[in-house]
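What the coordinates show
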Amino acid sequence: MLRITGKTDVYGIFGFPVKHSLSPLMQTAAFEALGIDAVYVPFEVNPDNLGGAVSGLRAMNIKGINVTVPLKEKIVPFLDRIDEVAAFLGAVNTVKNENGVLSGYNTDGDGFVDSLEEEGVDVRGKTVLLIGAGGSGKAVTFALLKRGAGRVIIANRTLDRAVALSEKLKSYGDVEAISLEDVERVLSSADLIVNTTSVGMRETDPPLFDYEVIPPSVVVVDIIYKPFKTELLKVAEGKGAKIINGLGMLVHQGARAFRIWTGKEPPVDVMKRVILEQL
């Protein structure tokens, strides 16, 4: 049973909306597992009130928060400092409060690569076909290159966005931009296919490309975790490919946030179990 006293530290998540977030379950379970006297609660923050909400972190000595859409970019100007990853991405998903000094981090991309490593997938030297040039695609591509991926091919429905992202990332490694219509041309050279778009969350979503041509040798990853298996993953699995959904990314980005806040090794198994039970 959760006991809250005057000594209990408070953590939380800023979002709009935020009722759907699984982070409160996951982080509270992690605190309980390690015997840390802390709670984690959702804060629904209208973007228009973000400045006041950030001031409230200092005023109420809230120890840390996660940040989700649509506030990841908007919160940056209100923080005292941000790390290299958050600065490059222009987005923050984790804030630590140390005596009123607010530091911002972004754990999304590294959480993604951590989830691959947990599944036995080593990205070093690999060619990755990454679909999507939005915020998630940017974070994942940056992390892949920083963690040693040999080449990342960014495919996007709007080619200009893929080109813009590849130009920003080219100093970090070998990056190419293609149109979504050209995906099938490069499939044979890919070791991993990664979907970072929202396509697949609804049963009525059209396919990103012809999934029937996915080779069995490739690893197929979808950062969506609800549904647990998107159509992309279902077809890829049927073709004999190894598949990974977005559950691991959710857990590992949260685990990195936990480590930033507490300095302790997060109980990843506990965090994953509570999310699986909820889903």
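Below is a summary of the structure that appears in this document. (Residues numbered from 1 in each chain as written. Predicted model: local features only at pLDDT ≥ 70, side-chain atom pairs only at ≥ 80, totals over all residues. Heavy atoms only, no water.)

Structural notes on the sheet that holds strand S1 (residues 9-15)
- One open sheet accounts for 6 strands, arranged S2-S1-S3-S5-S6-S4; its pairing is mixed. Both edges of this open sheet fall to strand S2 (38-44) and strand S4 (81-82), since each of them pairs with a single strand only.
- Against the sheet, helix H9 (residues 247-262) engages S1, S2, strand S3 (64-67), strand S5 (94-98) and strand S6 (101-105), with an angle of about 10 degrees to S5. (Pairing = 2+ DSSP bridges. Helix = DSSP H or I, 4+ residues; strand = E, 2+ residues; numbered from the N terminus. Contact = heavy atoms within 4.5 Å. Axes fitted to C-alpha atoms, helices over the stretch in contact; angles between N-to-C directions.)

Here's the deal with the nonpolar core
- Counting residues in each nonpolar core, the largest one holds 31 residues, and the members touching the most others are Phe-112, Leu-144 and Ile-154.
- When contributions to this core are tallied by element, the ones reaching two or more residues are helix H3 (84-89), helix H4 (108-118), strand S7 (127-131), helix H5 (135-146), strand S8 (151-156), helix H6 (159-169), strand S10 (192-195) and strand S11 (219-222).
- For this core, the element with the most residues is H5, which contributes 6 residues.
- The contacts of Leu-144, once residues within four sequence positions are left out, are Phe-112, Val-113, Val-123, Val-128, Leu-130, Ala-149 and Val-152.
- Counting residues in each nonpolar core, the second largest holds 24 residues, with Leu-208, Tyr-211, Ala-236 and Ala-241 among its members. (Core = buried A, V, L, I, M, F, W, Y, C linked by side-chain atoms within 4.5 Å. Buried < 20%, exposed > 50% of the residue type's maximum accessible area, 1.4 Å probe, protein only.)

Looking at the packing of aromatic side chains
- Applying the stated rule across the entire model yields 9 aromatic pairs.
- Each ring, one from Tyr-40 and one from Trp-261, has its centre 6.1 Å from the other, and the planes form 45 degrees; the classification is tilted. Here Trp-261 lies in helix H9 and Tyr-40 lies in strand S2, a separation of 221 residues in the sequence.
- Tyr-40 gets classed as buried once you look at its relative accessible area, which sits at 4%.
- Measuring from centroid to centroid gives 5.0 Å for Phe-142 and Tyr-172, while their planes differ by 85 degrees, and the two rings are edge-to-face. Of this pair, Phe-142 sits in helix H5 while Tyr-172 is found in the loop between H6 and strand S9 (175-179), placing the two residues 30 residues apart along the sequence.
- A residue is classified by how much of its surface remains accessible, and Phe-142, at 2% relative accessible area, is buried.
- For Tyr-172, a relative accessible area of 30% corresponds to the partly exposed category. (Phe/Tyr/Trp six-rings, centres within 6.5 Å; stacked < 30°, edge-to-face > 60°.)

Some details on helix H8 (residues 231-238)
- Those residues of H8 that sit buried are Leu-232, Leu-233, Val-235 and Ala-236. Mapping the buried residues of H8 onto a view down its axis gives an arc of 165 degrees, with all of them on the same face.
- On the buried face of H8, the contacting elements are S10, S11 and strand S12 (242-244).
- Gly-240, located one to two residues past H8, shows a positive phi value of around 95 degrees. (Arc of directions from axis to C-beta.)

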